[in-house]
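Structural description and commentary
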Amino acid sequence: MTANWVPALELDELWEGEMTAVTVGGTSVLLVNVDGDVRAYRNRCPHQEWALDEGDFDGEIITCSRHLWEFDARSGAGRNPATCSLSVFPCRVDEVGMIHVDVR
Amino acid sequence: MIVGAGVAGASAAATLRAEGFDGEVLLVGDEPDAPYERPPLSKAWLSGQAPSIEVHPPEFYADQSIELLTGTRVTGLDAAARRVVVGGSAVGYDALLVATGGQARRLRGMAGERVHHLRTRADSDRLRAQLVPGERLVVLGAGFVGCEVAATARSLGVDVTVLEMAGSPLERALGPEIGGVFAGIHRDAGVDLRCGVRVDAVSAADSGPVVHTDRGTVECSVLLVAAGMVRDTGIWEAAGVPCDDGVLVDAGCRTGVPGVFAAGDVAAHDHPRYGRTRVEHHDSAVRQGAIAAQAMLGRDVVHDQPHWFWSDQYVHTVQSCGAPGVAVDETVVRGRIDEASFVRFGLRDGRVVSVLGLGRPREVMAGRKLLLGGHPVSADQLRDESVDLRRAGVRR
């Protein structure tokens, strides 16, 4: 199966150490710029489905604004608690600096 | 040995393994369920909208070699011999964590098929079965549990009356001004909220409980007594563990009795920022459980995170970081309290020491960061809604 890349946001609009939510194909996606690398996650905390873009990103850790669940921004792995993690979407940045996400 | 299988106990068990402890871990709880989260019991679980509230998936305990004993009571402690009585048999331990939480406060003479308290999953299930349209719910007490159940019951089409002794809901936790905002929120949602009412007694009639107050009687078909919780420390106190409305622990969740620790709602914790505190916050239970586990492993740790709690009622979310009662020099409001959209900051020595927000999670998170960072920030920056709080601080 081939990837279904959808342009989501220009990299220029997502500074290092920032995160933002975009809608891709009807799905809310959290884009995170970790030291120049972009990651894409479902924009829902696995705990109670709250939107993660309302939370905090300190450059390494994403913290949900509701119950302070914490996730490693690079891998999506849970830090507190460690038992659940974010769902990852494939993403890439093309030669003209556009971030593409595959939410299929 | 962890006594109490709530979130504090579950957090401690998981932390012991995460920290590399490879000895036996026994997690004992008197409820029939594996550890679950209590906050949804008055909200999404009560309305039947939470698919699962388990802290860990069922296979977690076996995978982590954590022996989970549910439906089992611990009835005695011999701290000198390091033994507890578990389900009638003596069991030895190297380190003991008391994480037994508390029980819903019961008022004399209030019992029966249609009288409810809310602390456990079973309580929530039993209440839910009676929250159907056309029923008339009366809630005694407009604290967080009472207010959240009132909101959930309204969403289920139940008639709701709330009786509160204070002048406004949530007054003890949030003060009269914000309490007044919540009074408006509940009345707008159709709740018959009566404050300044003293409840004298409850009697039973064929139609259901009848509440007798200093302002007459109130009939209902379902009654919820939401009068807070009590900490049962009898076993621990009898064994010589210092208690005073809770098991007294230092900042690292140690009781002072060798090998005995406490965490969560049952603990009266000596917090480095706030002194001796007894809180019933989910976040404190999780964090104290994790700190206690590390202390059980001999680590030199303290729980010094600011308190964090939240409450969801209808579309409104209130969130608090710090301690609402902490001393401040100045209070700054960003947004409008009367419009139920604001963040209130407490400042001391030019630094944020408390953050309380309604409907503004993003700014509460930014405020929490200012609090944790401890950098100076001006009242004007906090008040000015054109200032991005994530970039506030220092510049004056």
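All of these numbers come straight from a predicted model, not from anything done at the bench. (Residues numbered from 1 in each chain as written. Chains lettered and ligands numbered in written order. Predicted model: local features only at pLDDT ≥ 70, side-chain atom pairs only at ≥ 80, totals over all residues.)

1. With respect to the overall build of chain B
Selection rule: Elements are defined by DSSP. Helices are runs of H or I of four residues or more, strands are runs of E of two residues or more, and each kind is numbered from the N terminus. The reference for a compact globule is 2.2 Å times residues^0.38; the radius of gyration itself is calculated from the C-alpha atoms. Here a residue counts as buried when 20 or more other C-beta atoms fall within 10 Å of its C-beta, as exposed when 12 or fewer do, and as partly exposed in between; the C-beta atoms come from the backbone. For every residue pair, C-beta atoms are placed from the backbone, and the pair is scored as a contact if these atoms sit within 7 Å.
When helices and strands are tallied, chain B shows nine helices and 26 strands. The C-alpha atoms of chain B give 22 Å as radius of gyration, which agrees with the globular expectation for 396 residues (21 Å, within 12%). C-alpha atoms of chain B, sized along the principal axes, occupy 70 × 55 × 35 Å. For chain B, the proportion of its 396 residues judged to be buried stands at 46%. In chain B, once contacts between residues fewer than 6 apart in sequence are set aside, the share between residues at least 24 apart is 59%.

2. Overview of the interface of chain A and chain B
Quick reminder of the rule: When residues are grouped by polarity, Ala, Val, Leu, Ile, Met, Phe, Trp, Tyr, Cys and Pro land in nonpolar, Asp, Glu, Lys and Arg in charged, and all others, Gly among them, in polar.
With nine residues of chain A at the interface, the matching set in chain B holds twelve residues. The residue inventory of the side of chain A that touches chain B, partitioned by class, reads three nonpolar, three polar and three charged.

3. Details of the domain arrangement of chain B
Residue and element names in this part refer to chain B. Here is the rule we go by: Note that the domain bounds were set by an automatic or database domain assignment.
Examined at the domain level, chain B breaks down into domain 1 (2-102 + 231-296), domain 2 (104-225) and domain 3 (315-391). Distance between the C-alpha centres of domain 1 and domain 2: 30 Å. Taken together, the ten residues of domain 1 in the interface contact twelve residues of domain 2. Counted by class, the side of domain 1 that touches domain 2 contains four nonpolar, three polar and three charged residues.

4. As for unusual backbone geometry
All names here are of chain B. Even without being a glycine, serine 65 presents a positive backbone phi close to 55 degrees. Summarising the element assignment, serine 65 is placed in the loop between α2 (59-63) and β3 (66-69). Given 11 C-beta atoms within 10 Å, serine 65 falls into the exposed group.

5. Focus on the sheet that holds strand β26 (residues 351-358) of chain B
The pairing of strands in a sheet comes from backbone hydrogen bonds and takes either a parallel or an antiparallel form. All names here are of chain B. The criterion, for reference: The pairing criterion is simple: DSSP has to find at least two bridges between the two strands. Note on geometry: axes are lines fitted to C-alpha atoms, helical ones only across the stretch in contact, with angles between N-to-C directions running from 0 to 180 degrees.
The strand order across the open sheet formed by five strands is β22-β23-β26-β25-β24, and the pairing between neighbours is antiparallel. Only two strands of the sheet have a single neighbouring strand rather than two, namely β22 (308-313) and β24 (330-336). When strand polarity is set aside, the average angle formed by the axes of neighbouring strands in this sheet is 15 degrees. In the sheet, strand β23 (residues 316-322) pairs with β26 via five bridges, with the strands oriented antiparallel. Paired with glycine 322 across the strands is serine 354, a residue of β26. Against the sheet, helix α8 (residues 361-373) contacts β23, β24, β25 (341-348) and β26, and its axis sits at roughly 165 degrees relative to β26.

6. Describing the nonpolar core
How we decide: The nonpolar core is taken to be a set of buried Ala, Val, Leu, Ile, Met, Phe, Trp, Tyr and Cys residues joined by way of C-beta atoms within 7 Å.
Among the nonpolar cores identified, the biggest contains 91 residues, and Leu31 of chain A together with Leu137, Val139 and Leu224 of chain B are the most heavily contacted of them. Looking at this core element by element, the count peaks at seven residues for helix α4 (residues 144-155) of chain B. In this structure, leucine 224 of chain B is in contact with His116, Leu118, Leu127, Leu137, Val139, Leu140, Gly146 and Val149 of chain B, ignoring residues within four places of it in sequence. If you look at the next biggest cluster of nonpolar residues, it comprises 47 residues, including Ala12, Leu77, Val84 and Cys243 of chain B.

7. Points about the UniProt feature "domain: FAD/NAD(P)-binding" (unreviewed entry) in chain B
Operational definition: UniProt positions are given in the numbering used here, feature names are shortened, and annotations may be inferred rather than shown by experiment.
Mapped onto the present numbering, the UniProt feature "domain: FAD/NAD(P)-binding" (unreviewed entry) falls at residues 1-289 of chain B. What you have in residues 1-289 of chain B is 24% helix and 28% strand, and the ends, taken at the C-alpha atoms, are 13 Å apart.

8. Brief notes about the confidence of the model for chain B
A low pLDDT score tells you not to read the predicted coordinates there in detail. To keep it simple, the criterion reads: Confidence scores labelled pLDDT are given residue by residue by the predictor and lie between 0 and 100.
When pLDDT is averaged along chain B, the result is 95; 99% of the residues meet or exceed 70. Scored by ipTM, the complex comes to 0.82, with pTM at 0.93.

9. A short note on the environment of arginine 114 of chain B
Residues and elements named next belong to chain B. Within the fold, arginine 114 resides in the loop between β8 (103-104) and β9 (115-116). In sequence terms arginine 114 and serine 284 are 170 residues apart; their C-alpha atoms lie 33 Å from each other. Discounting chain neighbours no more than four positions away, the residues touching arginine 114 are Gln130, Gly208, Pro209, Ser221, Val222 and Leu223.

10. Quick look at the environment of aspartate 380 of chain B
Residues and elements named next belong to chain B. Among the structural elements, aspartate 380 can be located in helix α9 (residues 379-383). Residue aspartate 380 is classed as exposed on the basis of its C-beta count, with 11 C-beta atoms lying within 10 Å. Along the sequence, aspartate 380 and valine 332 sit 48 residues apart, while their C-alpha atoms lie 8.5 Å from each other.

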